[in-house]
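# Overview (structure and organization)
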Amino acid sequence: MQSSLISKIEKARQYAREPERVTFHDFEVSFRGNNDCHSTGLKNGKWFCTCDFFASWGTCCHTMALEKMLSPMLPGEAVTNFECATQY
């Protein structure tokens, strides 16, 4: 294997251990919930989801789960920190 490729692999490993280097701006995923599959994601720093709960509340278990999984890589406006509400 060429040494230049080996150094890129090592750098990739380093970057993978440092998620704070990455910031998501826009993305969309298919989220398989218990009852249905939903289109969920982040657009212009705002969450969206096609589930009924999100339409009424502006948040849902799908967006909260993504926020928890990706929080080190989200822009500040996308971090809601709902976990504080469950500690009381």
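These numbers were taken from a predicted model, which means no experiment stands behind them.

### Points about helix H3 (residues 61–70)
Buried within H3 we find His62, Thr63, Leu66, Glu67 and Leu70. Viewed end-on, H3 has its buried residues packed into an arc of 135°, placing them on one side of the element. Among the exposed residues of H3, those oriented more than 90 degrees off its buried face are Cys61, Lys68 and Met69. Against strand S1 (27–32), strand S2 (37–43), strand S3 (46–49) and helix H2 (52–57) lie the buried residues of H3.

### Quick word on the packing of aromatic side chains
Inspection of the entire model under this criterion finds three aromatic pairs. Ring centres 6.0 Å apart and planes at 85° place the aromatic pair phenylalanine 27 and tryptophan 47 in the edge-to-face group. Of the two residues, phenylalanine 27 is situated in strand S1 and tryptophan 47 in strand S3; the sequence distance between them amounts to 20 residues. Per residue, the accessibility class of phenylalanine 27 equals that of tryptophan 47, and both read buried.

### As for the pattern of salt bridges
Under the definition given, this model contains two salt bridges. One salt bridge connects glutamate 18 with arginine 21, and the closest N-O pair in it is separated by 2.4 Å. Judged by its relative accessible area of 22%, glutamate 18 is partly exposed.

### Some remarks on the sheet that holds S1
Spatial strand order, S1-S2-S3: three strands in an open sheet with antiparallel pairing. Both outer strands of the open sheet, S1 and S3, are each paired with one neighbouring strand and no more. Averaged over all adjacent pairs, the angle separating strand axes in this sheet is 20°, with direction ignored. Where S1 and S2 come together, six bridges link them in antiparallel fashion. Note that in S2 the partner of phenylalanine 31 across the bridge is histidine 38.

Basis of the calculations
Residues numbered from 1 in each chain as written. Predicted model: local features only at pLDDT ≥ 70, side-chain atom pairs only at ≥ 80, totals over all residues. Heavy atoms only, no water. Buried < 20%, exposed > 50% of the residue type's maximum accessible area, 1.4 Å probe, protein only. Helix = DSSP H or I, 4+ residues; strand = E, 2+ residues; numbered from the N terminus. Arc of directions from axis to C-beta. Contact = heavy atoms within 4.5 Å. Phe/Tyr/Trp six-rings, centres within 6.5 Å; stacked < 30°, edge-to-face > 60°. Salt bridge = Lys/Arg side-chain N within 4 Å of Asp/Glu carboxyl O. Pairing = 2+ DSSP bridges. Axes fitted to C-alpha atoms, helices over the stretch in contact; angles between N-to-C directions.

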